Amino acid sequence: MTQKRLWRSKVLLLVASLVVLQCLIDAAFDEHSTEWRAHQEAYATALVEKPRSADTPAAEFPIELRQSYLKHLDLNRVDRCTTCHVGIDNPSFKDAEQPLTAHSGDLLVSHPPDRFGCTICHEGQGRATDKDAAHGNVPHWTKPLLTGDLTQAACAKCHHDNPIPGAPVLAQGRRLIRELGCTGCHQAGELQTEHAVGPRLDAIGSKVSRRWLNRWLQDPQATLPGAKMPHYGLTEVAANALAAWLMTFRDEEVDSHVDDEGDYDAGADVYREAQCIVCHITKLDYADNPVGGNIGPNLLQLGNKVSQSWLVSFFRNPHRFLPHTKMPRYHFSDKEALDLSQFTYEEWVDFDILDAEDAAPELPPDTPEQIALGQRLYDELGCAGCHELSGTKPAPKAPDLSFIGSAPLHQFSFGHANIRRSLPDFFYTKMRSPELLRPVFSPSPEGNLAETIWTHLRPESQFAGTMKLSDGPVSEQLGAILRATQQSGFLDASLSIPEGTAAAQADWLAAHLNGTSAFNPHRMPDFRLTQEEAKAITIALMSLTDDTVSSRRYEVPARERAVFNPRDDFGRLERNYRCLSCHSIRDSGDLLASDLTWEGSRVNQEWLYHYLNKPYSMRRTITLAMPIFHFPDEESRFMADYMSQVFVDTSIGADWYAHQDQADAERGQALFDEKGCIACHQMHGSGGDVGPSLTTQVPEFPHGTWVGDKLRGGWIYQWLKNPQALLPETIEPNLNLSDQEARDLTAFLLSVKNPEFQKTNKPEKTTN
Amino acid sequence: MTTENTTSDEPSGDHPTPTPESGPGAWGQFLRNLRNSPRLFRDSVIRHGRPTSDRAASQAVFGNFFLHILPTRIHFRSLKFRTTLGLGVITLVLFFLLTATGIALMVYYKPTTDQAYDSMKDIQYLVPTGRYMRNIHRWSAHGMVACVLLHMARAFYVGAYKHPREFNWVIGMLLFVLTLALSFTGYLLPWDQLAFWAVTIGSEIAQSPRELTDALGITSWFDPGGAMKHLLLGSNHVGQEALSRFYLLHVMVLPLIMTVLLAVHFWRIRKDGGLAASRESSVESPKPDTAGTSNAKSSPLDSGPSTLDPSKTYGLMAVVRGRTPAVDRVMADTVPTYPHALFPIAALSMLTLAVVLILGHRIDAPLAEMANPAVPENPAKAPWYFLGLQELVSYSALMGGVVIPAIVVIGLMFVPYLDREREDIGVWFGNRRGRRVCVASAIFATWIVISLLAFTINVGWLRDWFPRIPQMVITFVNPGTFLLAVFVAWSLGTLKYTNSTRMGALATFTCFIVAFVILTYFATVHRGPNWHFYWSQADWPVH
């Protein structure tokens, strides 16, 4: 008996020992056959074929773990990514397969891994050595890998510039945050806008038509495609109430023009000179595509929206209504403003909409309850975050975004959304599909169902004075709640509670109320962003982090930026005419029109004065030009004077002024023909229209000037030597002219003067 | 048949005295010694030759420092697997594994709050076989706690605590507490969210005497709770001090005490006559145990007192069978330890090792996010062996965390002194009556625990009906104390009904084990955030 037992235990010992041996062998094998080893061996093999340089053969490539040990450089991390990504800094591996691919671009030149590691930009779990764990796609790691454009969010940890070079998507996201007015409700640190992004609403009652306002409040993007205002999901009743309240804000001066009538045809002339089409879409082409600029809003349905009386006031002084608009204040006389308003009001109107509005039933008169409801809606929905309106409270505070990029993950409520639990996923979903993240209220089965729903609504806002439910059966109470919410506009008036148990009815009611803003007062509206926009904003939000580097070795302070905003008379004129809406001066303004930073060095003062009085197009093929403002003479004189003296860089063309006596215009002409300039610049009627015309011969502009009238010699010389130095984005080729050639060519071009212009003007003093 | 070294021309270990005149003789001797040195070396280590005879087998055990804690001969009933299930061996093997892997982990683990978590990551991802070491350590720890519990149950149900083994039972209880302490101190070391909050809860339980002193208003000058928490943490909160303390306890102090107590535990097993078996008689020994004297009557199989009494505690070197008058039938029931005990022990050890290695290969030990004092886990659960306790703590911290465990441990320690019946030792549950008592107690305990849990969840407890009731009342009248009282009543009732202290003891222990299992299961599966009841984790509120 004991022998049998002994024999059995010996067999068990043998079997168990074999199992243990197998386990140990497995362990040894696992250590040897790690993922990274295979990758490094593949790299070593490939290295033999692709050595770093032709001269040095590939040295013996050691197969070992690799890491960037950065605990001492204040980054406090250890990154082992280069264990698998061995080829990351080997340019000859640009086309290899992951993980051996080299890093894209030349970022590793300025950010070498031994000083920066990898996780500072890419996040993930630096200490891990297998793929899923290293990429952070494991439970309990809250910062998964950022790839592609998402890494641009990390630039902000060290770079405090704006925009950060090499991070275009980040710049786009930051720009979107500013433009869409997020900071009206959210704090966002350095992205705070100084003023409200929406228009001031003080005269809104005198400005817009009621029906338009109703449509707009219900769905802004349907009313005006591309509208910045987000979608609040208001029902008809709610939108009507809000509109009722808004329409009570009237403006006396606007109302005083109610009966004025202007001359349509005269208005058309004014329109043509004002060149509205430069900034606004004002017509459709033969294929019904919109034509016009996109600096200002699309005006094709202007007549449906605004009243003519408002247009009159607006044209006289736009800045009274929209202090921060880009629209300049034209010098319209009262009659011109009236005529223009008549023209625009009658011309830009969609008759189908008008007919539909006429056919629709009459709106009932507004009741005081509706108006009160509208005011409450305005306060609660946070309209004050984007719009200024006298007498309104500030918008309710939304979550602070100043350091949202480094907020701990547990602060975010993902609810039942089926998305990865990470910050980028949360932001993206919030931008694109916010309804997925909306907290859902469900009445718990215990307790009084109707009571629970009632108390979770927003009684202080909607039902003040009617806060208690009457006693009675649950179904009656639920019915009362339904009626109350329909009256206040949260629920569609056509709904009715289905038959069923009280619990089922309560669920139905809760589900419908969850779909509106009834339970969640500060729900974020839907901006209807595209995927690209949502991604850009996600990146911008991720860049708002307190995870900055405190070591001065890594910090890159912001470049100093020159902001053009003088407090002198010129500045006053600029603010009136909004030159920077189209032109750029230093780093301010827009790139639509020419850069004026060195206008004084570029053009002759006389030319500038005449141009300001009567602008014209520089190319035969383009009819649009600077709008005709009809500046008073002293203003155009002053502006030309100012620019010629202030917007000057004396180093431009210094060489020309020093040696212009050595220039030969004949040689220059020969060069002009030889280099083929005529291919892009037309002269005397022949040539290309890519670049500006060298002789303008447009009949409307009798003072049409030629290049010798307009440009200064020093500028021409500097330009010919290196166009990109003066205007980086120009397509004028750099012909590598020698100094003498440039001088000759300049001399030739300066000889191209319009004798008529010269006759009427004083000869140019060469100031230097 | 003894085998001696016959291959050399001289007896092993003997060297000829070199005579001055035997020059070539000494040289030849030297060469011969050099040639023989492997064999000589082997024979110096293993002095008894191959253990093919009983004598050599006994010598193999007796002469070996590591093995001589075992007797040279062992009763065949001690070898019966079903009696002990080898749980003691398994527990010991797991302890050795823990020590070995623990030492390996100590090479890379860094016990500071800013480096502990990172060093865990390094062990997992960087150190060769680090992942295994950690996994083996973790699964051995869980296994050891489970096996210690099972071993305790086995010892109880077999009656191995009875006289003369009472003291060993006490030592065993101390070892049990030490095992839990080791597991708990080790739990903090990874410094992740799991660890941090589990220890926070533990320290708050240590502070729970304040429940009483606060109610009495004496905390300002008598605060054992606060003192205990401070002793544990070295601070008001879990931080570097706690980590240093726990590390010291875990790697040095507790293992040392454990080793010493283990040595005493094994020593006592030998001195008390080996594993408990029903050959023990039912009469208490008149004198304390001294080596060489008879301290127990012989077994019923004996024809009478004998000098070769099986409960004697010195070992025989050999038994000569056959024709001498000193042959004793009882001795014939023993077998040499080598190989009849050593091979099963070796096999069981290897099997344990195999299971732990397989577990370590397949299932990774968890590591949550780094400890963050600002973000409590919800629910923050203790390790599984403390979850039953945590359930009781949810009723009253003092009672559930301090008093009831103390009563249970001390009560269990006391059992051998209260139950001194000597029948049916060495058999599971003793006899049929014992089996019936255990089954009845199990059913009763199951019913009462589940009913109590259902009651507290569906109906509530005192504070739901009397919101202003003083805390002291809750401390003394809560489901934990209720269970304790009920079990004590049941045990005493069983004792009276069956007229047997053993039956009472069986009832007590069964109630305790069943309640432990059910409460642990309940707190593991059915308790969610805010310690609310949920049918499953799928029902927890989402975030």
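This one's a predicted model, so the numbers in the text were calculated from it and none came from an experiment. (Residues numbered from 1 in each chain as written. Chains lettered and ligands numbered in written order. Predicted model: local features only at pLDDT ≥ 70, side-chain atom pairs only at ≥ 80, totals over all residues. Heavy atoms only, no water.)

### Description of the overall build of chain A
Next, step 1: Along the backbone of chain A there are 36 helices and eight strands.
Next, step 2: Relative to the compact-globule value of 27 Å for 768 residues, chain A shows a C-alpha radius of gyration of 35 Å, a clear excess of over 25%.
Next, step 3: For chain A, the spread of C-alpha atoms along the principal axes amounts to about 135 × 90 × 45 Å.
Next, step 4: A burial count over chain A gives 47% of its 768 residues as buried.
Next, step 5: Contacts in chain A between residues at least 24 apart in sequence constitute 64% of all its contacts with a sequence separation of at least 6. (Helix = DSSP H or I, 4+ residues; strand = E, 2+ residues; numbered from the N terminus. Rg over C-alpha atoms; globule rule 2.2 N^0.38 Å. Buried < 20%, exposed > 50% of the residue type's maximum accessible area, 1.4 Å probe, protein only. Contact = heavy atoms within 4.5 Å.)

### Details of the pairing of strand S3 (residues 281-284) of chain A
Residues and elements named next belong to chain A.
Next, step 1: As defined by bridge partners, S3 adjoins strand S4 (residues 290-292) across three bridges and the pair is classed as antiparallel. Paired with lysine 283 across the bridge in S4 is valine 291.
Next, step 2: In this antiparallel pair of consecutive strands, S3 and S4, the connection spans five residues, and aspartate 288 shows a positive phi of 65°. (Pairing = 2+ DSSP bridges.)

### Let's talk about the pattern of salt bridges
Next, step 1: Inspection of every chain in the model, using the stated rule, returns 36 salt bridges over all chains.
Next, step 2: Aspartate 251 of chain A serves as the salt-bridge partner of arginine 320 of chain A, at 3.1 Å between the closest nitrogen and oxygen. Here aspartate 251 of chain A lies in the loop between helix H11 (236-246) and helix H12 (252-255) and arginine 320 of chain A lies in helix H16 (residues 318-321), a separation of 69 residues in the sequence.
Next, step 3: Take aspartate 251 of chain A: its relative accessible area is 14%, and that puts it in the buried class.
Next, step 4: The partner of glutamate 166 of chain B in a salt bridge is arginine 420 of chain B, and the shortest N-O contact between them spans 2.5 Å. Here the residue glutamate 166 of chain B occupies a position in helix H7 (residues 166-188), and arginine 420 of chain B occupies one in the loop between helix H15 (397-418) and helix H16 (432-458), the gap between them amounting to 254 residues.
Next, step 5: Among the charged side chains, a network of salt bridges with common partners joins Arg80 and Arg127 of chain A together with Asp118 and Asp122 of chain B. (Salt bridge = Lys/Arg side-chain N within 4 Å of Asp/Glu carboxyl O.)

### Here we look at the packing of aromatic side chains
Each aromatic ring pair is specified by the distance between its two centres and by the angle formed by the two planes.
All names here are of chain A.
Next, step 1: Per the stated rule, a full pass over the model turns up 62 aromatic pairs over all chains.
Next, step 2: The interplanar angle of 50° and the centroid separation of 5.0 Å between the aromatic rings of tryptophan 245 and tyrosine 378 together place this pair among those described as tilted. Placement of tryptophan 245 in helix H11 and of tyrosine 378 in helix H19 (residues 368-381) is noted, with a sequence separation of 133 residues between them.
Next, step 3: For tryptophan 245, a relative accessible area of 5% corresponds to the buried category.
Next, step 4: The buried category is assigned to tyrosine 378, whose relative accessible area is 1%.
Next, step 5: Where phenylalanine 315 meets phenylalanine 332, the ring centres are 6.3 Å apart and the plane angle is 85°; that geometry is what we call edge-to-face. In this pair, phenylalanine 315 sits in helix H15 (residues 308-316) while phenylalanine 332 sits in the loop between H16 and helix H17 (334-347), placing the two residues 17 residues apart along the sequence. There is no split in this pair, since phenylalanine 315 and phenylalanine 332 are both buried. (Phe/Tyr/Trp six-rings, centres within 6.5 Å; stacked < 30°, edge-to-face > 60°.)

### Remarks on unusual backbone geometry
Next, step 1: In this model, glutamine 98 of chain A is joined to proline 99 of chain A through a cis peptide bond whose omega is 0°.
Next, step 2: You can see proline 99 of chain A is positioned in the loop between strand S2 (78-79) and helix H3 (107-110).
Next, step 3: With omega at 5°, the peptide bond leading from tyrosine 338 of chain B into proline 339 of chain B counts as cis.
Next, step 4: In this structure, histidine 684 of chain A takes a positive phi of about 55° despite not being glycine.
Next, step 5: With respect to the element layout, histidine 684 of chain A can be found in the loop between strand S7 (681-683) and strand S8 (686-689).
Next, step 6: Residue leucine 85 of chain B is not a glycine yet carries a positive backbone phi of 55°.
Next, step 7: Structurally, leucine 85 of chain B can be placed in the loop between helix H3 (81-84) and helix H4 (87-108).

### What to know about the confidence of the model for chain A
Next, step 1: When pLDDT is averaged along chain A, the result is 85, and 92% of the positions lie at 70 or above.
Next, step 2: The weakest mean pLDDT in chain A belongs to helix H22 (residues 459-462) of chain A at 57; the strongest belongs to helix H25 (residues 531-542) of chain A at 94. (pLDDT = per-residue confidence, 0-100.)

### Let's talk about the environment of asparagine 240 of chain A
All names here are of chain A.
Next, step 1: Counting through the fold element by element, asparagine 240 comes out in helix H11.
Next, step 2: Take asparagine 240: its relative accessible area is 10%, and that puts it in the buried class.
Next, step 3: In contact with asparagine 240, other than residues within four places in its own chain, are Arg210, Asn214, Leu363 and Gln370.
Next, step 4: There is a polar contact of 3.1 Å between the side chain of asparagine 240 and the side chain of asparagine 214. (Polar contact = N/O pair within 3.5 Å; in protein donor to acceptor, adjacent residues only side chain to side chain.)

### What to know about the interface of chain A and chain B
Next, step 1: Taken together, the 39 residues of chain A in the interface contact 31 residues of chain B.
Next, step 2: In total, about 3,000 Å² of surface goes out of reach between chain A and chain B, with carbon and sulfur atoms giving 67% of it.
Next, step 3: Among the residues chain A hides against chain B, the three largest losses belong to Arg5, Arg127 and His140 of chain A. Together they make up 19% of the total.
Next, step 4: Here chain A is connected to chain B by three salt bridges. (Buried area = accessible area lost by both parts, 1.4 Å probe.)

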